[in-house]
Amino acid sequence: MSDNIKMLPANNLELQLFRKSFFFTVVLMFVSAACAQVTRYEVTHEGRRVNSPGSESSPVRIGDTLYYSSLQELTESGGYIDFGISIMRVFKSHVSSNGKLSKGVLSTFGINSPTRHTGNIAFDLRNSIVYFTRCRSDNGDSYQNEIYFIKQKDGKWSKPQKVGGDVNLKGYNSTHPTVGYLSDSTTILYFASDRPGGLGGMDIWYAVLDGKKIGKTTNLGVPVNSAADEITPFYDSQNGTLYFSSDRPGGIGKHDIYSSKGARNSWRRPVVMPEPVNSVEDDLYFTIDQPIPAVSMQGTAFSGYLTSNRSESYFLHDTSCCHDIYRWTLITVDTTTHTPTVRQQPTPPIAEDTCPCKKARLLLPIKLFFHNDEPNPRSLATTSDLTYFQTYNSYMFRRQEYRDRQKEIADSTERSMALATLESFFGEVQYNSEKFEHFIHLLAQDILNGRHVALTVGGYASPLHSSAYNINLSKRRISTIVNQLKEYNGGMLRRAMSQPGSGSLEIIEEPFGSSTAPKDVNASLADQLHSVYSVEAARERRIEILKYEYR
């Protein structure tokens with residue numbers, strides 16, 4: 001190929017492909033003398049629309065729906081009594097544009113049981129999986145908690161199944177699941193357990209999720225775990241931060257909410273959250289929403305939910321017996337300009353003394369997505385004249401089209417989840433395009449410095465077309481990267497490589513087509529809602545920059 005950009009056939013490489021969810025890192029600017037900024041938490045009780053004299057727990061917001069668990073003492077007619085059969089079930093509440101909650105109703109996922117407690121719901125939007133906990137509902141002593149899951153396919157939910165591997169261990173509790181997405185494309189299930197091998201009481205453990213395989217559970221170790229109880233983990237993938245509750249010494253109340261940056265079993269020392277997030281009572285189940293505009297004042301609000309048995313909570317028999325749902329809001333106000341302060345960092349900070357190749361490798365893998373049969377639809381060609389950003393722009397213009405198709409889903413709960421998953425996916429598309437821009441700058445530095453660089457690029461397709469067609473489609477998609485590099489900075493990179501002393505670039509093609517697509521990805525032309533417009537299908541239509549090497 002001309003212009004010193006070579007495209008080579010695939011080598012016999014063994015590539016293990018992982019999925020990674022998009023997340024922007026939101027950095028809050030706290031008190032600053034220069035900007036006179038004030039940051040504070042506000043915590044408000046959510047009232048009787050979702051809270052009852054029983055206990056509420058595990059609130060998590062997905063799109064415009066708040067899911068939570070409620071343990072209620074019920075008569076046969078469903079009213080409250082002083083003593084009766086207690087069942088924990090999962091409820092949902094609609095969240096209005098101003099954050100107000102509707103009256104909670106039972107969830108429609110099909111996970112509630114008439115004879116067993118069901119709660120601690122957690123979502124893996126990336127893989128359309130819902131995790132939750134079940135245990136016996138007999139009054140009296142507590143019983144073993146186990147983690148279950150359901151999976152969505154073609155708009156239908158599977159029956160509840162126990163999570164495999166050694167996540168559930170006979171005779172011990174496994175509970176409080178939460179899903180995290182790491183920067184290396186790994187999906188992790190964090191949970192709390194009192195199994196042997198911990199530091200004492202309940203500890204936080206994790207297992208890597210790789211498709212249908214579940215890795216061996218591992219204790220997070222110190223400094224997150226201690227001789228006390230660590231429970232109710234929530235992993236914020238945006239900022240790589242784990243929130244959890246512990247009754248270790250040094251807190252404000254009984255169980256306090258802590259935060260710790262890190263992943264897997266490498267963590268910074270946990271920091272206790274300030275008042276009023278924590279109180280003198282138990283504070284649990286801290287979760288985070290996406291950033292929302294402040295309603296009542298100039299500034300930036302970040303929000304989420306927690307549960308607490310602080311004095312405002314409703315109770316059955318005595319004060320502080322029962323937990324309720326509270327909403328927390330972090331408000332930052334610039335008292336000088338009254339303007340919001342939000343800084344988005346699409347990539348992790350990289351030390352300035354790091355060479356371009358190391359910086360570029362930290363960005364990998366870069367996943368660049370396409371609309372169905374793009375570029376150059378209904379073609380057997382193996383190349384395209386389009387650059388990647390030309391295809392990206394047209395793809396992003398179709399965002400509303402994708403939303404409209406998801407609105408065709410009849411069930412309101414499934415529709416809400418599908419729309420939330422779609423928003424996350426298009427955020428991932430944008431995030432990776434920004435990484436690609438940064439990557440091109442680093443690549444150009446290396447080539448201008450005389451380096452000879454080889455990039456391995458994989459091409460993928462959804463299974464909607466034939467295998468042979470999808471191989472050619474993958475090659476067309478890879479060619480858009482080549483075109484983009486040629487046009488970098490008005491063709492500067494192409495011209496520079498023709499000069500003596502400059503480096504060169506070769507592209508090693510890996511056109512996988514649809515061979516790596518999961519078998520459950522819809523391939524029906526008659527069902528385009530799922531075969532074209534679902535996130536499961538959209539994730540397969542991509543190219544990935546997999547390797548950055550010197551020759």
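Reading guide: rules and limits
- Residues numbered from 1 in each chain as written.
- Predicted model: local features only at pLDDT ≥ 70, side-chain atom pairs only at ≥ 80, totals over all residues.
- Heavy atoms only, no water.
- Helix = DSSP H or I, 4+ residues; strand = E, 2+ residues; numbered from the N terminus.
- Buried < 20%, exposed > 50% of the residue type's maximum accessible area, 1.4 Å probe, protein only.
- Contact = heavy atoms within 4.5 Å.
- Areas by Shrake-Rupley, 256 points an atom, 1.4 Å probe, with all protein chains shown as cover.
- Core = buried A, V, L, I, M, F, W, Y, C linked by side-chain atoms within 4.5 Å.
- Lys, Arg positive; Asp, Glu negative; His and termini not counted.
- Salt bridge = Lys/Arg side-chain N within 4 Å of Asp/Glu carboxyl O.
- Phe/Tyr/Trp six-rings, centres within 6.5 Å; stacked < 30°, edge-to-face > 60°.
- Lys NZ or Arg CZ within 6 Å of the ring centre and 35° of its normal.
- pLDDT = per-residue confidence, 0-100.
- Expected span 1.5 Å × (residues − 1).
- Axes fitted to C-alpha atoms, helices over the stretch in contact; angles between N-to-C directions.
- Parallel < 35°, antiparallel > 145°, perpendicular 65-115°, else oblique.
- Left-handed = near helix turned anticlockwise from the far one by under 90°.
- Nonpolar A, V, L, I, M, F, W, Y, C, P; charged D, E, K, R; others polar.
- Arc of directions from axis to C-beta.
- Polar contact = N/O pair within 3.5 Å; in protein donor to acceptor, adjacent residues only side chain to side chain.
- Pairing = 2+ DSSP bridges.

Student: Describe in detail the overall build of the chain, supporting the description with residues and values.
Tutor: Counting its regular elements, the chain contains eight helices and 31 strands. Considering the chain as a whole, with its 551 residues, one finds that 56% of them fall into the buried category. A fraction of 63% describes how many contacts in the chain between residues 6 or more apart in sequence connect residues 24 or more apart. Total accessible area on the chain stands at roughly 24,100 Å², and carbon and sulfur atoms take up 52% of it.

Student: With reference to specific residues and values, describe the nonpolar core.
Tutor: Counting 44 residues, the largest nonpolar core has Phe-436, Phe-439, Leu-443, Leu-455 and Tyr-548 as its most contacted members. If you tally residues by element for this core, the top one is helix α4 (residues 412–448), at 11 residues. Core analysis: the second largest hydrophobic core is formed by 16 residues, Val-60, Phe-109, Ile-111 and Ile-150 among them.

Student: Summarise the side chain of Asp-282; cite the residues concerned and give the values.
Tutor: Mapped onto the secondary structure, Asp-282 falls in the loop between β22 (271–272) and β23 (283–288). As a buried residue without a salt bridge, Asp-282 has its nearest oppositely charged side chain in Lys-254, at a separation of 5.5 Å. Filtering out sequence-adjacent residues up to four positions away, Asp-282 remains in contact with Lys-254, His-255, Thr-307, Ser-308, Asn-309 and His-323.

Student: Report on the packing of aromatic side chains, specifying residues and quantitative values.
Tutor: Under the definition given, this model contains 30 aromatic pairs. Considering the side-chain rings of Tyr-67 and Phe-109, the 5.4 Å spacing of their centres and the 35° angle between planes classify their relative orientation as tilted. With Tyr-67 in strand β5 (residues 65–74) and Phe-109 in the loop between β7 (105–106) and β8 (116–124), this pair connects stretches of sequence that are 42 residues apart. We classify Phe-109 as buried; its relative accessible area is 5%. An aromatic cluster is defined as three or more aromatic residues linked by ring pairs; in this entry it consists of Phe-369, Tyr-395, Tyr-402, Phe-425, Phe-426 and Tyr-533. Taking the ring centre of Tyr-314 as reference, the NZ or CZ of Arg-48 above it sits at 3.9 Å.

Student: How would you explain the confidence of the model for the chain if you had to name every residue and give the values?
Tutor: Mean pLDDT over the chain: 82, with 81% of residues reaching 70 or higher. Every residue in residues 7–35 scores below 50 in pLDDT, and together they form 97 contacts with partners more than four places removed in sequence or on other chains. Predicted confidence is poor over residues 76–83, with pLDDT under 50, and the contacts of this stretch with residues over four places away or in other chains come to 14 contacts.

Student: Lay out the pattern of salt bridges in plain terms, naming residues and giving numbers.
Tutor: Applying the stated criterion to the full structure yields 18 salt bridges. Arg-542 is paired through a salt bridge with Glu-540; the nearest N and O atoms lie 3.5 Å apart. Its relative accessible area of 7% is what places Arg-542 among the buried residues. The exposure class assigned to Glu-540 is buried, which follows from its relative accessible area of 3%.

Student: An account of helix α5 (residues 467–486) is requested, with residue identities and associated values reported.
Tutor: Because an α-helix packs 3.6 residues into every turn, residues spaced three or four apart end up facing the same way. An ideal rise of 1.5 Å per residue puts 28 Å on 20 residues; α5 measures up with 29 Å between its terminal C-alpha atoms. Buried residues dominate α5, accounting for 16 of its 20 residues.

Student: Mind laying out the packing of α4 against α5, listing which residues take part and the relevant values?
Tutor: Contact geometry of α4 with α5 gives a least axis separation of 11 Å together with a crossing angle of 55°. Here α5 runs oblique to α4, going by the angle between their axes. Where α4 crosses over α5, the two elements pack in a sense that is right-handed. Contacts between α4 and α5 pair Phe-436, Ile-440 and Leu-443 from the former with Ile-481, Gln-484 and Leu-485 from the latter. Across the contact of α4 with α5, the residue classes tally to five nonpolar, one polar and no charged.

Student: Which residues make up helix α3 (residues 399–406), and what are the values?
Tutor: Considered for burial, the residues of α3 that qualify are Arg-399, Tyr-402 and Gln-406. With its buried residues spanning 65° around the axis, α3 presents them on a single face. Elements that come into contact with the buried residues of α3 comprise α2 (388–397), α4 and α7 (528–531).

Student: Give a detailed account of the environment of Asp-64, specifying residues and quantitative values.
Tutor: Topologically, Asp-64 is positioned in the loop between β4 (55–62) and β5. Residue class for Asp-64 comes out partly exposed when judged on its relative accessible area of 33%. When the C-alpha positions of Asp-64 and Ser-93 are compared, they lie 8.5 Å apart, and in sequence the two are 29 residues distant. Residues in contact with Asp-64, not counting those within four places in the same chain, are Ser-93, His-94, Val-95 and Ser-416. Separated by 3.3 Å, the side chains of Asp-64 and Thr-65 make a polar contact.

Student: Can you tell me about the pairing of strand β10 (residues 146–153), naming the residues and giving the values?
Tutor: With respect to burial, β10 is a largely interior element, six of its eight residues being buried. Here two bridges tie β10 to strand β12 (residues 161–162), and the two strands are oriented antiparallel to one another. Each residue of the ladder has a partner; that of Tyr-148, found in β12, is Lys-162. By the bridge criterion, two bridges tie β10 to strand β11 (residues 156–157) in an arrangement that is antiparallel. Across the sheet, Gln-152 pairs through a bridge with Trp-157, a residue of β11. Hairpin connection between β10 and β11: a loop of two residues separates the two successive antiparallel strands, and Asp-154 in this loop has a positive phi of roughly 55°.

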